[in-house]
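Each chain is listed here by its residues.
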Amino acid sequence: MNNKLFVIPKPNPNAKLRLFCFPYAGGSPAIFMPWSGGLHPEVELVLLQFPGRGARMGEPAHIEMQHKVDELLAHQAFLTEKPYVLMGHSLGSRVIFEVTKHLVEQDAPLPLHLIASGSRAPHTGSSKAQTYHLPHDAFIEELYKLNGTPKELLEHKELMELLLPLLRADFQIAECYQAQATALPCPITVFHGHDDIDISAEQLHGWQDLSEHKIDIHYFNGGHFFINQCRDEVLHTVNQVLGKIV
């Protein structure tokens, strides 16, 4: 697939299923790149690379959820040409919900499963104050508190100047977007970190409102970025979910 939006670390033309992975705010395909050697052999890993990062660093980042959805739907033929599963972490989880909702409206082939990791249900409001518009130093301080950006990167002033527009844009979507509750016909598996105090039980279990099937919740050690802290365990659980589909 010759397209900057999709990164395929290990092409597998004979794969029976594609797993599309959507990063958290400020994240890139690098988050999921280590998964390429450990996935179910019948699955092809496809990573989403939105504007503002990686090979698309020179492109302005999306500042509205609909912009992400529109770009994905422009490549709907590739997205849906094989049986597929969508997975996202944090903001990525809300993106996969919104994309699937649009695919339902278009009567397009739907994902066989959604894996929503590290996120409140998209229709539940955030209780956190918005940060994307804070002055420079205050915004950097918020990034330190989140503990999702390496300290070495935060202290690299020149590189941070390049990344700040992307981070602000992603945070704007993450903090401003709120969905309408719609029960999708797709099963949803939810991943959650035991120590992720920013997601309440109500926000976590709110995912049940968004599927016609009974959701399945898996808990992992760690906080909001357990997907990095418990990579092997997360990948093992992903393979368990995919193994029931392939």
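If you're wondering where the values come from, they're calculated on a predicted model, not measured in any experiment.

Trainee: I keep staring at the sheet that holds strand 7 (residues 216–220) and nothing clicks. Help me out?
Mentor: To summarise the sheet geometry, strands pair through backbone hydrogen bonds and adopt either a parallel or an antiparallel arrangement. Sheet architecture is open: seven strands sit in the order 1-3-2-4-5-6-7, paired in mixed fashion. Across the chains shown, the open sheet's two edge strands, defined by having one partner strand only, are strand 1 (6–7) and strand 7. Running over the sheet, helix 9 (residues 231–243) touches strand 2 (17–22), strand 3 (43–48), strand 4 (84–89), strand 5 (113–117), strand 6 (188–193) and strand 7 and is turned about 160° from strand 7.

Trainee: What's the story with the environment of Thr 124 in this structure? I'm lost.
Mentor: Mapped onto the secondary structure, Thr 124 falls in the loop between strand 5 and helix 4 (136–146). Measuring from C-alpha to C-alpha, the distance between Thr 124 and Leu 204 comes to 9.1 Å, with 80 residues separating the pair along the chain. In contact with Thr 124, other than residues within four places in its own chain, are Gln 178 and Gln 203.

Trainee: Whenever I open this one, unusual backbone geometry confuses me. Can you help?
Mentor: What is expected of a backbone is that most residues other than glycine have negative phi and most peptide bonds are trans. The backbone of Ser 90 shows a phi angle near 55°, a positive value even though the residue is not glycine. With respect to the helices and strands, Ser 90 occurs in the loop between strand 4 and helix 3 (91–105). Despite not being glycine, Asp 107 has its phi angle at roughly 55°, a positive value.

Trainee: Quick question: what am I supposed to make of the side chain of Asp 170 here?
Mentor: For Asp 170, the position within the fold is in helix 6 (residues 157–176). For Asp 170, the side chain forms a polar contact with the side chain of Arg 53, separated by 3.0 Å. In contact with Asp 170, other than residues within four places in its own chain, are Tyr 24, Ala 25, Gly 26, Gly 27, Arg 53, Lys 68 and Leu 91.

Trainee: Just to check I follow, could you spell out the packing of helix 1 (residues 65–73) against helix 3 for this structure?
Mentor: Packed helices, taken two at a time, are described by the angle between their axes plus the distance between the axes. Helix 3 packs onto helix 1 with a crossing angle of 60° between their chain directions and a minimal axis gap of 10 Å. In terms of their interaxial angle, helix 1 and helix 3 are classed as oblique. Once helix 1 is placed against helix 3, the crossing between them reads as right-handed. For the pair formed by helix 1 and helix 3, the contact residues are Met 65, Gln 66, Lys 68, Val 69, Leu 72 and Leu 73 on the first element and Leu 91, Arg 94, Val 95, Glu 98, Val 99, His 102 and Leu 103 on the second. In terms of residue class, the contact of helix 1 with helix 3 is built from eight nonpolar, two polar and three charged.

Definitions and cut-offs
- The written sequence of each chain sets the order in which its residues are numbered from 1.
- Side-chain atom pairs in this predicted model are given and counted only at pLDDT of 80 or more, local residue features only at pLDDT of at least 70, and totals for whole chains, interfaces and linings cover all residues.
- Processing note: side-chain calculations cover all non-hydrogen atoms of the structure and skip hydrogens and water entirely.
- Paired strands are those between which DSSP finds at least two bridges.
- Counting from the N terminus, the helices are DSSP H or I runs at least four residues long and the strands are E runs at least two residues long.
- We call two residues in contact when some of their heavy atoms are within 4.5 Å.
- Angles run from 0 to 180 degrees between N-to-C directions of axes, and those axes are lines fitted to C-alpha atoms, restricted for helices to the stretch in contact.
- Any pair of nitrogen or oxygen atoms within 3.5 Å is treated as a polar contact; in protein, a donor-acceptor pairing is required on top of that, and neighbouring residues in sequence qualify only through side-chain atoms on both sides.
- Comment on the angle field: the value is read as roughly parallel under 35 degrees, roughly antiparallel over 145, roughly perpendicular from 65 to 115, and oblique elsewhere.
- Crossing chirality is assigned from the near helix's rotation relative to the far helix, an anticlockwise turn below a right angle marking it left-handed and a clockwise turn marking it right-handed.
- Residues are sorted three ways: Asp, Glu, Lys and Arg are charged, Ala, Val, Leu, Ile, Met, Phe, Trp, Tyr, Cys and Pro are nonpolar, and all the rest, Gly among them, are polar.

As far as function goes, none of this settles anything; it's purely spatial.
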